[in-house]
Amino acid sequence: MLTLATELDVLARFGRALADPIRCRLLFALREAPAHPSDLADELGISRTRLSNHLACLRDCGLVVAVPVGRRTRYELADPRLGHALDDLRSAVVAVETDRTCPDAAEKSCC
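### Let's talk about the overall build of the protein chain
(1) Moving on: If you tally the helices and strands in the protein chain, you get 6 helices and 2 strands.
(2) Moving on: Secondary structure elements of the protein chain occur, N-terminal to C-terminal, as α-α-α-α-β-β-α-α.
(3) Moving on: For the protein chain, the proportion of its 111 residues judged to be buried stands at 28%.
(4) Moving on: Nonlocal contacts in the protein chain, meaning residues at least 24 apart in sequence, comprise 50% of its contacts between residues at least 6 apart.

Here's what the structure looks like:
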């Protein structure tokens, strides 16, 4: 059983993974379907070396897993619930962004 501190650490890891736009794009691509690194690099328009570094980060965070397929490796989300969480998070963030009720948001860049 996870303690509250452990749960917060896990959530913070998820936040760090999402802090990079390429990793966000990777997670959303893998939400659609598992993929091989070469296909992901082409889809995201980045080098395979750069992609490899981001996939290593996501693996270390426990968000993606590498699945051997013959001589190749396919990547997928570690748990299907992550795809649902990404969808929910995106919906919530878009809703908040479009409903800026803070009157000082533009001046203070606070919200």
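### Notes on the confidence of the model for the protein chain
(1) Moving on: Averaged over every residue, the pLDDT of the protein chain is 89; the share at 70 or more is 87%.
(2) Moving on: The weakest mean pLDDT in the protein chain belongs to helix H6 (residues 105–108) at 69; the strongest belongs to strand E2 (residues 72–77) at 97.

### Section: the side chain of Arg23
(1) Moving on: Within the secondary structure, Arg23 sits in helix H2 (residues 21–32).
(2) Moving on: Look at Arg23: it is buried, it has no salt bridge, and the nearest opposite charge is Asp20 at 4.3 Å.

### Thoughts on the pattern of salt bridges
(1) Moving on: The final tally for this structure, using the stated rule, is 5 salt bridges.
(2) Moving on: One salt bridge in this structure joins Asp87 and Arg31, with 2.7 Å as the shortest N-O distance. You can see Asp87 sitting in helix H5 (residues 80–98) and its partner Arg31 sitting in helix H2, a full 56 residues away along the chain.
(3) Moving on: Of the charged contacts in the structure, one is a salt bridge between Arg74 and Glu76, with a shortest N-O distance of 3.0 Å.

### Focus: the pairing of strand E1 (residues 64–69)
For a regular strand, side-chain orientation follows a simple rule: the groups alternate between the two sheet faces.
(1) Moving on: Sheet topology note: the E1/E2 ladder contains 6 bridges and is antiparallel. Residue pairing across strands places Val65 opposite Glu76, the latter belonging to E2.

The rules behind the values
Residues numbered from 1 in each chain as written. Predicted model: local features only at pLDDT ≥ 70, side-chain atom pairs only at ≥ 80, totals over all residues. Heavy atoms only, no water. Helix = DSSP H or I, 4+ residues; strand = E, 2+ residues; numbered from the N terminus. Buried < 20%, exposed > 50% of the residue type's maximum accessible area, 1.4 Å probe, protein only. Contact = heavy atoms within 4.5 Å. pLDDT = per-residue confidence, 0-100. Lys, Arg positive; Asp, Glu negative; His and termini not counted. Salt bridge = Lys/Arg side-chain N within 4 Å of Asp/Glu carboxyl O. Pairing = 2+ DSSP bridges.

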